[in-house]
Structure formats: structure tokens, C-alpha cells
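# Residue-level structure breakdown
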Amino acid sequence: MEYDLLELQDAMRKVLKPKRYLHSLGVQFTCASLAMRYECDIMKAQVAGILHDLAKYYDASEQISRCEQNNIPISDIERKQPYLLHGKLAACYAKSEYGIEDEEILQAMAYHTTGKPDMSKLEKIVFLADYIEPSRRMIPGLTEIRKLAFEDLDLAVYTTLKNTLNYLKSNGQTIDNTTIEAYEYYKDIVGNK
Ligand SMILES: [Fe+2]
Ligand SMILES: [Fe+2]
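The notes below deal with the structure included here. Because the structure is a prediction, the values reported are computed rather than measured.

### A closer look at the overall build of the protein
Within the protein one finds 11 helices and 0 strands. In the protein, the succession of α and β elements from N to C terminus is α-α-α-α-α-α-α-α-α-α-α. Computed over C-alpha atoms, the radius of gyration of the protein comes to 16 Å, within 12% of the 16 Å expected from 2.2 N^0.38 for 193 residues, which places it in the range of a compact globule. On the principal axes, the C-alpha backbone points of the protein span a range of 40 × 35 × 30 Å. For the protein, with 193 residues in total, the buried portion stands at 51%. Taking contacts inside the protein between residues at least 6 apart in sequence as the whole, the part at least 24 apart equals 60%. Summing over all exposed atoms, the protein offers an accessible surface of approximately 9,700 Å²; the carbon and sulfur share of this is 51%.

### Examining the coordination of the iron ion (ligand 2)
Looking at the metal site, the iron ion (ligand 2) is ligated by His 23 (NE2), His 52 (NE2), Asp 53 (OD) and Asp 130 (OD), spaced 2.2 Å from it. Here the donor residues of the iron ion (ligand 2) are spaced in sequence according to H-x28-H-D-x76-D. The metal-metal distance between the iron ion (ligand 2) and the iron ion (ligand 1) is 3.4 Å, with Asp 53 coordinating both. One end of the pair, His 52, is in the loop between helix H3 (42-51) and helix H4 (60-69); the other, Asp 130, is in helix H8 (residues 121-132), with 78 residues separating them in the sequence. Exposure remark for His 52: the relative accessible area of 0% places this residue in the buried category. A relative accessible area of 9% places Asp 130 in the buried class.

### A short note on the coordination of the iron ion (ligand 1)
On the protein side, the iron ion (ligand 1) has Asp 53 (OD), His 86 (NE2) and His 112 (NE2) as donor atoms, found 2.1 Å from it. Every donor residue of the iron ion (ligand 1) comes from the same chain, spaced as D-x32-H-x25-H.

### A few points about helix H7 (residues 103-110)
For H7, the set of buried residues is Ile 105, Leu 106, Ala 108, Met 109 and Ala 110. Capping the start of H7 is the job of one residue whose side-chain oxygen sits 2.9 Å from the backbone nitrogen of Glu 104: Asp 102.

### Observations concerning the pattern of salt bridges
A complete count under the given rule lists 12 salt bridges for this structure. Of the charged contacts, one joins Glu 123 and Lys 116 as a salt bridge, the two residues approaching to 3.5 Å between their closest N and O atoms. As far as the burial class goes, Glu 123 and Lys 116 line up, both buried. Here Lys 124 ties to Asp 154 by a salt bridge, and the two come within 2.7 Å at their closest N and O atoms. Placement of Lys 124 in helix H8 and of Asp 154 in helix H10 (residues 153-170) is noted, with a sequence separation of 30 residues between them. Lys 124 gets classed as buried once you look at its relative accessible area, which sits at 12%. A network of salt bridges, in which partner residues are shared, links Asp 10, Arg 13 and Lys 14.

### Examining helix H1 (residues 5-15)
Those residues of H1 that sit buried are Leu 5, Leu 8, Gln 9, Ala 11 and Met 12. The arc enclosing the buried residues of H1, seen along the axis, measures out at 160 degrees, which places them on a common side. Opposite the buried face of H1, at more than 90 degrees from it, the exposed residues are Leu 6, Glu 7 and Lys 14. As for H1, its buried residues are in contact with helix H2 (18-37), H3 and helix H6 (86-98).

### Here we look at the packing of H1 against H2
Between H1 and H2, the least distance of the axes is 9 Å, while the angle of their chain directions is 155 degrees. Of the possible angle classes, the one that applies to H1 and H2 is roughly antiparallel. The two elements H1 and H2 cross, and the hand of that crossing is right-handed. Each of Leu 5, Gln 9, Met 12 and Arg 13 in H1 lies in contact with H2, whose residues at this interface are Tyr 21, Leu 25, Gln 28 and Phe 29. When grouped by side-chain class, the residues that make up the contact of H1 with H2 number 5 nonpolar, 2 polar and 1 charged.

### Thoughts on the side chain of Glu 78
Note on placement: Glu 78 falls in helix H5 (residues 76-80). A relative accessible area of 5% means that Glu 78 is categorised as buried. Engagement of the side chain of Glu 78 in a polar contact is seen with the backbone nitrogen of Ser 75, the distance being 2.9 Å. In contact with Glu 78, other than residues within four places in its own chain, are Pro 73, Leu 84, Leu 85, Lys 88 and Asp 176.

Analysis parameters
- Residues numbered from 1 in each chain as written.
- Chains lettered and ligands numbered in written order.
- Predicted model: local features only at pLDDT ≥ 70, side-chain atom pairs only at ≥ 80, totals over all residues.
- Heavy atoms only, no water.
- Helix = DSSP H or I, 4+ residues; strand = E, 2+ residues; numbered from the N terminus.
- Rg over C-alpha atoms; globule rule 2.2 N^0.38 Å.
- Buried < 20%, exposed > 50% of the residue type's maximum accessible area, 1.4 Å probe, protein only.
- Contact = heavy atoms within 4.5 Å.
- Areas by Shrake-Rupley, 256 points an atom, 1.4 Å probe, with all protein chains shown as cover.
- Donors = N, O, S within 2.8 Å, 3.2 Å for Na, K, Ca; no water.
- Polar contact = N/O pair within 3.5 Å; in protein donor to acceptor, adjacent residues only side chain to side chain.
- Salt bridge = Lys/Arg side-chain N within 4 Å of Asp/Glu carboxyl O.
- Arc of directions from axis to C-beta.
- Axes fitted to C-alpha atoms, helices over the stretch in contact; angles between N-to-C directions.
- Parallel < 35°, antiparallel > 145°, perpendicular 65-115°, else oblique.
- Left-handed = near helix turned anticlockwise from the far one by under 90°.
- Nonpolar A, V, L, I, M, F, W, Y, C, P; charged D, E, K, R; others polar.

So this is what it looks like as C-alpha cells:
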């Protein structure tokens, strides 16, 4: 399938606030760079990157009602933290509103917030790009992960999951099971290398 990146960028510029649009462009370009490094489909990575946050601006109750309207299952944790749903909702609207049919792209968008065990290369790239893109505000460990992302994909994913869990714990936030499962999975992979 042909994708028109300029058209998708244009659409996102209208939908997103300026800072979120800049973030999305950053994710798009970082996805492209990582796709080059790890021999992944560069176009698919960019499409997932530019569109990944398209559902970010629905408020909590809207995230839930929109998921219900589209038959997207909602876990108990997602019900408590509806912002976790914006990835799945983005994948849903990417298909219905922007004509993206490619399941690999849609899955990578759906899991960009939580990660999950046994991610595809594209899923890992979008997950990481969201964390390391150039306009992300500086947080502890980010410089190392930015470097690591271009050296060892699984180790970078593992380190990102570890940092994310630590961050959520120190803020007393509810943690999605999928993120814990992903962390355990990549801890094993990294340990067995
Ligand atoms: Fe997001
Ligand atoms: Fe994002």
C-alpha cells in the first residue's frame, strides 16, 4: 500500500496541539532512523510514528465511551487509567479514519504506551521512538537509552520498561499488567543473551 506521509502529517497538525505534533514528527523520524538501523520497513515505521498519538486528546470518559462504541475490550486497569487506551483507540481510528489496514502498523500503534511481551521489530521501534524522540523532556537515563536504542534493540526496550516501571512506582501510579509482563519477558531475553 502507498502512504502519503505529507497528508498524514497535515492531518495530525490539525488534530494535535503544537507540542504533541512536534513530538509526533519526532517519533516519525526516530522510527525511520531505527528502521534503517534494524532493517525494518521504513515507511511502515513512519506511518505508525506520525499517527501513534492521534487519540491522545479525548478525556477519560471519552476514551472509555469511544472504546465501547468500537468494541475495544477495556481491562480494569484501563478503566482506572483511561489514558492507557489512547494507543488502542489510535489504531482503531487509523483504520477507520485514515485507511490504514496494515495490521503490523496498527499493532505497533496499539501497544506504544504499554509495550507487551514478544513485540515485533516494528512494535519495539515505535515503543522506543516514543520514549527517545528528540523533543522529549530530559529524564534520568534518557541519554543512555538514546544511545542504546541504536546498539541493542532488546536491551533498550528492557531498560525503557524498567525506567517506566520505576517512574510509575515512584509516582504511585497504577501499573498496567501488560507493562509488567513485557518487563519480565525482556528481562529474561536480556539475561539469556
Ligand atoms: Fe502515546
Ligand atoms: Fe507519544
